[in-house]
Amino acid sequence: MIIHSIHQRISFKNSLATILILLLIALTSWISNKYIYQVDISNSSTNSLTLESQKVIKYLPESIDITAFIEKGQSLRIQIIKLINLYKIHKKNISLNFIDPEEYSDQVDADNKSTKIVFFVNYQNHTKKLNYLDEHSLTQALIEFTNANDKIKEVTINESEDRVLNFSEKQIFALNLFYLLLLPSVFIILGLIIRQHRKSK
Amino acid sequence: MILTIAAQEFKSHFISPLAWILMAVLQIILGYLFLTQVETFTLMQDKLLNITGAPGLTDVIITPLFSNAGVIFLLVTPLLTMRVICDERRNKTLCLLFSAPVTNSDIILGKYLGTLGLMWVIVILVGLMPFTLLLGGDIDTGKFFANGMALILLVAAFASTGILMSTLAEHPTVAAISTFGILIVLWLLNINQTMSDKPNELIQGLSLLYHYQNIQTGLIDSRDIIYFLLYICTFIVLSIYCLANQRLQK
């Protein structure tokens, strides 16, 4: 009876401690979503805005609205969201709206659009139409809204630096030999030696 | 005491042929996938050079290699973790551990670190492959380290799930199937959100694949790192709790 009551007390303590730790984990999770820290460790900073783009948006204090005519379910929408999110890190008042061209065909026709995908960038009372949206084209469009034409002439986007691989056929053959034959064979032989060693014991 | 149990667990993997055969099989699979990507890149690099913002060597070869490794680990982890606690219970050696001056957390953390040691050895093998690319070109070391970190965290999360299931299940097969079930659900949770421009934040936040891919881009976000750390903590805490309950019932 005494042992049973002790067990009950320990079990209660364990449950309480576990619940408290799980609550602490939930709290940490909530806090981690409130305070976000990001760092781009890629060598060519392909996940960050270029310094030129950062400079341009500093000249545009008012809100920027981007309307994208892209069909629903297209992966391009995700890419555009990711791109605009990069701008949002440096400028909070930038909005993005998607419109499915199929659903708003009248609106699209009114804009005399030949392709289904089109983007409209609005700043104050000015609108710029783009057929393609990437950091280069968007920042170039934003430059036109600023009085910074004389300060920022050209935008060069961050490019991957690792774009060349010079492997000869011999080198590729050697890699095949090493990764597919030599290294696995070494592991198998070691496994067999250990098995033999254990059997002899 | 944790390190003693961990070292014992780690050694037990390597004194059986299982770990070596597993490493050989994984080396063949991942080596083949790596070399396929190398071939793909060499064939299309001339075209990529003329495209602005085209992916580089790291995006075409290293990131897919680590993505494939993540899927392979999803399949392998249940096999590696199913016996960890389950076998001790089946062989009646868990009672010996309970009678020793070790706490429940010592047992769970020791077993966890021992198994994780073997998995990290395989991660090192995967991580060494991209270095051969330096013979013919440059790699984005930042993205490479991001990929490595992502795989280390992913594997640690997988192992923690496996340990919990091994603590709960009576039979190793049940532990393996349930581990695989949980991991595949958490892996694929985000699959129908990827094409949506307004994804469900809760589902996205719970998905292992979403956080894994985020780190792989080289953009290190505190939310992704904290997600993996909290995931590991949750499963380890639950494992310790389950083992403590089992100890009291003995």
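Residues numbered from 1 in each chain as written. Chains lettered and ligands numbered in written order. Predicted model: local features only at pLDDT ≥ 70, side-chain atom pairs only at ≥ 80, totals over all residues. Heavy atoms only, no water.

1. What to know about the overall build of chain A
Piece 1. The number of helices and strands found in chain A is six helices and five strands.
Piece 2. Secondary structure elements of chain A, listed N to C terminal, follow the sequence α-β-α-β-α-β-α-β-β-α-α.
Piece 3. Going through the 201 residues of chain A one by one, you find that 33% of them count as buried.
Piece 4. A sequence separation of at least 24 residues applies to 65% of the contacts in chain A between residues at least 6 apart.
Piece 5. Surface exposure of chain A reaches about 13,100 Å², of which carbon and sulfur atoms provide 57%. (Helix = DSSP H or I, 4+ residues; strand = E, 2+ residues; numbered from the N terminus. Buried < 20%, exposed > 50% of the residue type's maximum accessible area, 1.4 Å probe, protein only. Contact = heavy atoms within 4.5 Å. Areas by Shrake-Rupley, 256 points an atom, 1.4 Å probe, with all protein chains shown as cover.)

2. Overview of the sheet that holds strand S5 (residues 126–130) of chain A
Residues and elements named next belong to chain A.
Piece 1. With respect to topology, four strands assemble into an open sheet ordered S3-S2-S4-S5, the strand pairing being mixed. Looking at the sheet topology across the chains shown, the edges are occupied by strand S3 (94–99) and S5. Averaged over all neighbouring strand pairs, the angle between strand axes comes to 15 degrees, with direction disregarded.
Piece 2. Examined bridge by bridge, strand S4 (residues 118–123) and S5 share five bridges and lie antiparallel to one another. Considered in S5, the bridge of Phe119 is made with Leu130.
Piece 3. Packing against the sheet, helix H3 (residues 75–90) makes contact with strand S2 (64–69), S3 and S4, and its axis sits at approximately 170 degrees to S3.
Piece 4. Relative to the sheet, helix H5 (residues 135–145) contacts S2, S4 and S5, its axis offset from that of S5 by approximately 155 degrees. (Pairing = 2+ DSSP bridges. Axes fitted to C-alpha atoms, helices over the stretch in contact; angles between N-to-C directions.)

3. Examining the domain arrangement of chain A
Piece 1. Looking at chain A, the domain boundaries give domain 1 (1–37), domain 2 (51–145) and domain 3 (166–201).
Piece 2. Its C-alpha centre places domain 2 of chain A at a distance of 53 Å from the equivalent point of domain 3 of chain A. (Domains from an automatic or database assignment.)

4. Comments concerning the interface of chain B and chain A
Piece 1. Taken together, the contact pairs 66 residues of chain B with 55 residues of chain A.
Piece 2. Summing both partners gives a buried area of about 5,100 Å² for chain B against chain A, and 65% of it is carried by carbon and sulfur.
Piece 3. Summed over the shared surface of chain B and chain A, the result is zero salt bridges.
Piece 4. Applying the counting criterion to the chain B and chain A interface returns 16 residue pairs in polar contact (both at pLDDT 80 or more).
Piece 5. Among the elements of the structure, helix H2 (17–49), helix H3 (57–81), helix H6 (104–128), helix H7 (141–168), strand S1 (219–221) and helix H11 (222–249) of chain B are those that each provide at least two residues to the side of chain B that touches chain A.
Piece 6. It is H2 of chain B that contributes the most residues to the side of chain B that touches chain A, 17 residues altogether.
Piece 7. For the side of chain B that touches chain A, a count of residues per class yields 38 nonpolar, 21 polar and seven charged. (Buried area = accessible area lost by both parts, 1.4 Å probe. Salt bridge = Lys/Arg side-chain N within 4 Å of Asp/Glu carboxyl O. Polar contact = N/O pair within 3.5 Å; in protein donor to acceptor, adjacent residues only side chain to side chain. Nonpolar A, V, L, I, M, F, W, Y, C, P; charged D, E, K, R; others polar.)

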